[in-house]
Amino acid sequence: MKDTDLYRQILGIETPWKVASVDLDPEALRIEVLLTHKQGLRWACPECGELCGLHDHADERSWRHLDSCQFQTFIRARVPRVRCPDHGVRQVKVPWAEPSSRFTLLFEALAVRVLQQTSVSGGAGLLRISWDEASKIMERAVERGLAARGELDVEAIGVDEKSVGRRLGFLTLVYDLRGKRVVHIRKGRSKKALGSFFEQIEPHQLVRIKAMAMDMAKPFIAAAEESLLYPEKQIVFDRFHVMQAMNKAVDEVRRAEHKELMLQGDRSLANTMHILRYAEERLPERYAPRLEELKRSNLKAARAWALKESLRGLWGCGSLKKARVFWTSWNDWAIRSRLAPVVKVAQMVKRHITGILNYYSHKITNAVAECTNGVGACQQLSDTP
Ligand SMILES: [Zn+2]
């Protein structure tokens, strides 16, 4: 296969566009894909869709695309301009990017995913873009979400809050979990921030919503309870947030115990924070002996860790009935442990157990699929109208 064909396929370039050349600059770690189009075509006016003849071309532009391995990849093209009888000379829309963006849709889709999981500055670093570019990408995602809402048809939604830095505070994001896209963004993380999503959807759209994944934040619960038709059946408290709270509890137990031990010169728990945070099957080999040592010990941190690892089983019980039995015995164990931070988590789980176990009715979670190495997976994300 020629590299131009390969890139045509990777980029999903469709006729009339074609890949004219692929230039690789090994020193700058940069790949440039030049696109051209067939001659003698009529192009749609971006305003009215009227097919018009070619007027001329705009100056060449480039768009950052998903990296090819560690090579930053750019698409270059001269975009045709048409002369519409009603709208004058206009630049046509290209299928790979939004008019105002210097990034392709696929890159933006990846960036939105990364930025949902990180701070803006952290995400910008990972993506090798500036802070301003990152926040512009988020803004465009909001606009796409707003545009999408007119025809919103979702069965499973997720709501999450995202920190956008000390200065800007938090954003509330609502996702379409099956279509994997953001459908609503509001500043803040208040009841109103989520409530405004429900206010703007139509009754027939509300009826379609079967389930909503969320954390246990009171304002979100209040908004969902007010708006969902059967909140006690539809709210699914997210596994990720339960386990996050449990991990924090293990940390707390470990930190307090480590302090005490160090007073006696005992370094048993030094440098163990990360080891205890790993899910056991994902623990890197090099830490395995240390974990075995901890497991054999009588340390409080080791008991908290065992409770944490066990709690993960709550989502793997196979049925709601088995999960209830599992939870009852885990809860007894946690309360008996008398490890205060763990007991606190157990109480929180107990207060929210119906919503947590609604997982078994809907099988949804907020943890969005990873989107780092599959163009195909990202393709779905860019399916925003
Ligand atoms: Zn027109």
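(A) Quick look at the side chain of Thr-272. Topologically, Thr-272 is positioned in the loop between helix H9 (239-263) and helix H10 (273-277). Exposure remark for Thr-272: the relative accessible area of 0% places this residue in the buried category. Within the structure, Thr-272 has its side chain in polar contact with the backbone oxygen of Leu-269 (distance 2.6 Å).

(B) Structural context of helix H1 (residues 3-11). Within H1, the full set of buried residues consists of Thr-4, Tyr-7 and Leu-11. Around the axis of H1, the buried residues are gathered within 65° of arc, so they sit on the same side. Close packing links the buried residues of H1 with strand S1 (17-25), strand S2 (30-37), strand S4 (51-68) and strand S5 (71-84).

(C) Quick look at helix H12 (residues 300-311). Here H12 is 12 residues long and its end C-alpha atoms lie 17 Å apart, about the 16 Å a rise of 1.5 Å per residue gives. Taken as a whole, H12 has its buried residues at Ala-301, Ala-302, Ala-304, Trp-305, Leu-307, Lys-308, Glu-309 and Leu-311. Each element contacted by the buried residues of H12 is listed here: H9, H10, helix H11 (288-296), helix H13 (320-337) and helix H14 (340-351).

(D) Region of interest: the pairing of strand S8 (residues 170-176). Within S8, 6 of the 7 residues are buried, which leaves the element mostly enclosed by the surrounding structure. With 6 bridges joining them, S8 and strand S9 (residues 181-187) adopt antiparallel strand pairing. Bridge pairing in S9 places Asp-176 opposite Arg-181.

(E) Up close: the environment of Ile-10. Within the element layout of this structure, Ile-10 appears in helix H1. Taking the C-alpha atoms as reference points, Ile-10 and Tyr-287, separated by 277 residues in sequence, lie 39 Å from one another.

(F) Highlighting the pairing of S2. Across the 8 residues of S2, 6 count as buried, placing the element largely inside the fold. Note that S1 and S2 share 8 bridges and pair antiparallel. Residue Asp-25 lies in a different strand from S2, and its bridge partner there is Arg-30. The loop that links S1 with its antiparallel partner S2 comprises 4 residues; one of these, Leu-29, has a positive phi angle of about 50°. Inspection of the sheet shows S2 paired to S5 by 5 bridges, in the parallel sense. Residue Val-33 lies in a different strand from S5, and its bridge partner there is Ile-75.

(G) A look at the domain arrangement of the chain. Taken as a whole, the chain is organised into domain 1 (3-96), domain 2 (108-237) and domain 3 (239-362). Taken over C-alpha atoms, the centre of domain 1 sits 31 Å from the centre of domain 2. Each partner contributes to the roughly 320 Å² buried at the junction of domain 1 and domain 2, and carbon and sulfur atoms together form 34% of this total. Broken down residue by residue, the surface that domain 1 buries against domain 2 is led by Arg-64, Leu-66 and Gln-72, which jointly contribute 80%. If you look at where domain 1 meets domain 2, you find 1 salt bridge. Linking Asp-67 and Arg-128 is a salt bridge whose minimum nitrogen-to-oxygen distance equals 2.6 Å. On the surface where domain 1 and domain 2 come into contact, there are 4 residue pairs in polar contact (both at pLDDT 80 or more). The greatest single-element share of the side of domain 1 that touches domain 2, amounting to 3 residues, is contributed by S4. Taken together, the residues of the side of domain 1 that touches domain 2 sort by class into 1 nonpolar, 2 polar and 2 charged.

Thresholds applied
- Residues numbered from 1 in each chain as written.
- Predicted model: local features only at pLDDT ≥ 70, side-chain atom pairs only at ≥ 80, totals over all residues.
- Heavy atoms only, no water.
- Helix = DSSP H or I, 4+ residues; strand = E, 2+ residues; numbered from the N terminus.
- Buried < 20%, exposed > 50% of the residue type's maximum accessible area, 1.4 Å probe, protein only.
- Polar contact = N/O pair within 3.5 Å; in protein donor to acceptor, adjacent residues only side chain to side chain.
- Arc of directions from axis to C-beta.
- Contact = heavy atoms within 4.5 Å.
- Expected span 1.5 Å × (residues − 1).
- Pairing = 2+ DSSP bridges.
- Domains from an automatic or database assignment.
- Buried area = accessible area lost by both parts, 1.4 Å probe.
- Salt bridge = Lys/Arg side-chain N within 4 Å of Asp/Glu carboxyl O.
- Nonpolar A, V, L, I, M, F, W, Y, C, P; charged D, E, K, R; others polar.

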